[in-house]
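# Tertiary structure, described
The primary structure of each chain is shown beneath.
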Amino acid sequence: MGSIKEKLSLKFFLFVGLAFIIIQIPIIGDYLRIINTVIHESGHAFIALFGGHVESISLLMNGDGVTHGTQSIWIIDLITCSAGYLISSFMAYVSFWLIKKKKQTLLIDLILGIILINLLLWVRNPYGLFWLASFGLIFLAFLIKGSQKVIHNLVLLLACILLVESVSTAYDILIISLIQPHAAGDATNLSQLSAFIPAQAWGIFFFAQALFFIVLGFKKGLFRIGAGELQPKYQLKGTKEFL
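About the criteria used
Each chain has its residues counted from 1, following the order in which its sequence is written. Totals for whole chains, interfaces and linings use all residues, but because this is a predicted model, local features are given only for residues with pLDDT of at least 70 and pairs of side-chain atoms are given and counted only at 80 or more. Side-chain descriptors were evaluated using all non-hydrogen atoms of the structure, hydrogens and water having been removed beforehand. Surface patches are defined over residues having more than 30% relative accessible area and no salt bridge, joining like charges when they lie within 9 Å and nonpolar side chains (Val, Leu, Ile, Met, Phe, Trp, Tyr) when within 5 Å. Residue-level accessible areas treat just the shown protein chains as cover; the underlying method is Shrake-Rupley with a 1.4 Å probe. Take a side-chain nitrogen of Lys or Arg and a carboxyl oxygen of Asp or Glu: if they are within 4 Å of each other, that pair is a salt bridge. In this charge count, Lys and Arg are treated as positive and Asp and Glu as negative; neither His nor the chain ends contribute. Here the site of a charge means NZ on Lys, CZ on Arg, CG on Asp, or CD on Glu. Relative accessibility under 20% of the residue-type maximum defines a buried residue, over 50% an exposed one, and the middle range a partly exposed one, all with a 1.4 Å probe and only protein chains included. The definitions used throughout rest on a 1 Å grid laid over the protein atoms alone, on which a cavity is an enclosed set of points accommodating a 1.4 Å probe that cannot get out and a pocket is an open set flanked by protein within 12 Å on both sides along at least five of seven lines; lining residues are those having an atom within 4 Å of a point. Grid points are joined across faces, edges and corners, and a volume is the space filled by probe spheres set on the points. Secondary structure elements follow DSSP: runs of H or I no shorter than four residues count as helices, runs of E no shorter than two count as strands, and numbering proceeds from the N terminus. Each residue gets one of three labels, nonpolar for Ala, Val, Leu, Ile, Met, Phe, Trp, Tyr, Cys and Pro, charged for Asp, Glu, Lys and Arg, and polar for the others, Gly among them. Pairing of aromatic rings covers Phe, Tyr and Trp, the last counted by its six-membered ring, and requires centre-to-centre distances within 6.5 Å; plane angles under 30 degrees mean stacked, over 60 mean edge-to-face, and any other angle means tilted.

This brings us to a positive patch on the surface. Together, Lys100, Lys101, Lys103, Lys220 and Arg224 give the surface a local cluster of positive charge. Its relative accessible area of 46% is what places Lys101 among the partly exposed residues.

Quick look at the structure:
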């Protein structure tokens, strides 16, 4: 019991709970959930570049997203299909690792960089462009005008949203793969690519890897959140579909 208390903190539970509640709120929840969708779809897109071409990414009002790309070699297609959930879970883990190491500024740079790349290269649907521009500007406004405490809490809340969403979306795809294996997005695509591995197995894999990163974060003590430190002001530095 003592070991558990050493690796977790009340602040972590409070912010995870807050993140969970916020993403359930209509409109606001869907808007904030898209930060995980951007990470997920960017995971598909980055891997697809190694053997194909990314045509566009669409970010939807309901919090979902789709990456459109041309056909590539089999192994790259397989990795590309699996990359979305893996990258989003890994990003949630990295977010808490950077917060634990008091490198929140690097996390901010990473999030803004992903937003900028998507804005310039991939996202072309109207709502997607609106989301990237509005979220980026709101995020920057808080970073430039906010106090140290506000910035730290904002970054922590974003990390918690990524964590909650990485697990909940992996759980959703697990349930869908068990009930409707022919309509389970990435799990269905992977079952078609791998032929002998059913969608249900891929659904289990996606959920298992999300839990793996949580257990790894727990063992590393990443969820023992303290006051944190950050500069008071942020300084700016100079067609296959994967669901």
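A few words now on the layout of surface pockets. In this structure, the largest pocket occupies an estimated 500 Å³ of space. In terms of lining, the largest pocket is formed by 24 residues, of which the most central are Arg33, Asp64, Tyr85, Thr169 and Asp172. Counting only elements with at least two residues in the lining of the largest pocket, the list comes to α3 (28-48), β2 (65-69) and α7 (148-179). Ranked by residue count, the leading element in the lining of the largest pocket is α7, at six residues.

Let us look at empty space enclosed by the protein. Estimates place the volume of the largest cavity at around 50 Å³. For the lining of the largest cavity, the elements supplying multiple residues, two or more each, are α4 (74-100), α7 and α9 (199-219). Sorting elements by how many residues they give to the lining of the largest cavity places α4 first, with four residues. Partitioning the lining of the largest cavity into residue classes produces eight nonpolar, two polar and no charged.

A few words on the packing of aromatic side chains. If you walk through the whole model with that rule in mind, you get 17 aromatic pairs. Taking the centre distance of 6.4 Å and the plane angle of 50 degrees together, the rings of Tyr31 and Phe135 count as tilted. Linking Tyr31 in helix α3 with Phe135 in helix α6 (residues 126-145), this pair joins segments that are 104 residues apart in sequence. Both residues of the pair, Tyr31 and Phe135, count as buried. Geometrically, the ring pair formed by Tyr93 and Phe213 is tilted, given 6.0 Å between the ring centres and 50 degrees between the ring planes. Note that Tyr93 is positioned in helix α4 and Phe213 in helix α9, a separation of 120 residues in sequence. Its relative accessible area of 15% is what places Phe213 among the buried residues. One aromatic cluster is present, formed by Phe12, Phe13, Phe96 and Phe223 through successive ring pairs.

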